[in-house]
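# Chains, contacts and geometry: an overview
Take a look at the letters that make up each chain.
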Amino acid sequence: MSSTTITTVVEHVVLFKVKDSTDPTASDAMISRLTALISLPSVSHLSAAPILRSRSPSAAGFTHILHSRYPSKSALADYSAHPDHLSVVRESVLPIVDDIMAVDWVADLPPAVAALPPGSAVRVTFVKPKEGGDDEIVRVLGGIDVSGRPIEEASFGRNFSPGRAKGFTVAFMSVFRGTEEMDAVEGMAEVEAVKERVWPLIEDLIIVDFVVPAAPASL
């Protein structure tokens, strides 16, 4: 794909494990305050939501997800260091969560897809490869052709922020128009063929689904 038909985005995905004892109003407030960070100048897209489905044992316990996009690594760094972001983390996230993990990667995508439409169903996969498996997994993911498939968009890459990634080094995200389209890929021959190629290379997986919520009216 030529450079005139793609744009580079930085993907940032955070998984949260909210404490079982948390009052629902507190978790709602966390999501609301995270969502409001879309107003920061460095952010191209941001959505925060409850996890719809955890699809792997290692994903069990994670309850909420944040997905955001930035035009560059420096823009992500600006977001991370912004006082508003730090305030939300300190006041609304850390007091109610047991665990957090985050994965960041650079992806080449069509230029018009920075923001995901509300109602989009998203499947996020984090991969912890066996030793030496990274290159082949990335090569296989790079060969996936989503044209003519229920997948609206596919993003993948190597994690460049190891501090909170728990050893997961490759990420893949597939976006669908809705949950019906997402469910339709189960058992497709092309999907099963990819699984057969990468399963022997994987030590562990985290797979979660979520739906992009509508932006609050105030935003």
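Under an unreviewed UniProt entry, the chain has the name Stress-response A/B barrel domain-containing protein and belongs to Acorus calamus.

## Comments concerning the side chain of S47
Locating S47 in the fold gives a position in strand β2 (residues 45-50). Judged by its relative accessible area of 4%, S47 is buried. Non-local contacts of S47, meaning those with residues more than four positions away in its chain, are made with I65, L66, H67, F210, V212 and P213.

## Comments concerning unusual backbone geometry
Positive phi values are uncommon outside glycine, yet K166 reaches one of about 55°. The topology assignment puts K166 in the loop between β7 (151-158) and β8 (170-176).

## A word on the packing of helix α1 (residues 24-36) against helix α3 (residues 83-93)
At a closest axis distance of 10 Å, the pairing of α1 and α3 adopts a crossing angle of 175°. For the element pair α1 / α3, the angle class is roughly antiparallel. Contacts between α1 and α3 pair M30, R33 and L34 from the former with S87, V88, E91, S92 and V93 from the latter. The residue makeup of the contact of α1 with α3, split by class, is 4 nonpolar, 2 polar and 2 charged.

## Let's talk about the sheet that holds β7
An order of β3-β9-β6-β8-β7 is seen for the 5 strands of this open sheet, with the pairing classed as antiparallel. The two strands at the open ends of the sheet, each matched to only one other strand, are β3 (53-54) and β7. Here β3 runs beside strand β9 (residues 202-211); their pairing, made up of 2 bridges, is antiparallel. Directly across from S54, in β9, lies its bridge partner V208.

## Things to note about the pattern of salt bridges
For the structure shown, the criterion picks out 15 salt bridges. Salt-bridge contacts for R53 lead to D183; the nearest nitrogen and oxygen are separated by 2.9 Å. Here the residue R53 occupies a position in strand β3, and D183 occupies one in helix α5 (residues 179-184), the gap between them amounting to 130 residues. When its relative accessible area of 26% is taken as the criterion, R53 is described as partly exposed. A salt bridge links R55 to E186; the shortest N-O distance between them is 3.0 Å. With R55 in the loop between β3 and β4 (64-70) and E186 in the loop between α5 and α6 (189-198), this residue pair connects regions lying 131 residues apart in the sequence. The partly exposed category is assigned to R55, whose relative accessible area is 34%. One salt-bridge network, in which partners are shared between bridges, spans R53, R55, R123, D183, E186 and D209.

Thresholds, definitions, all that
Residues numbered from 1 in each chain as written. Predicted model: local features only at pLDDT ≥ 70, side-chain atom pairs only at ≥ 80, totals over all residues. Heavy atoms only, no water. Helix = DSSP H or I, 4+ residues; strand = E, 2+ residues; numbered from the N terminus. Buried < 20%, exposed > 50% of the residue type's maximum accessible area, 1.4 Å probe, protein only. Contact = heavy atoms within 4.5 Å. Axes fitted to C-alpha atoms, helices over the stretch in contact; angles between N-to-C directions. Parallel < 35°, antiparallel > 145°, perpendicular 65-115°, else oblique. Nonpolar A, V, L, I, M, F, W, Y, C, P; charged D, E, K, R; others polar. Pairing = 2+ DSSP bridges. Salt bridge = Lys/Arg side-chain N within 4 Å of Asp/Glu carboxyl O.

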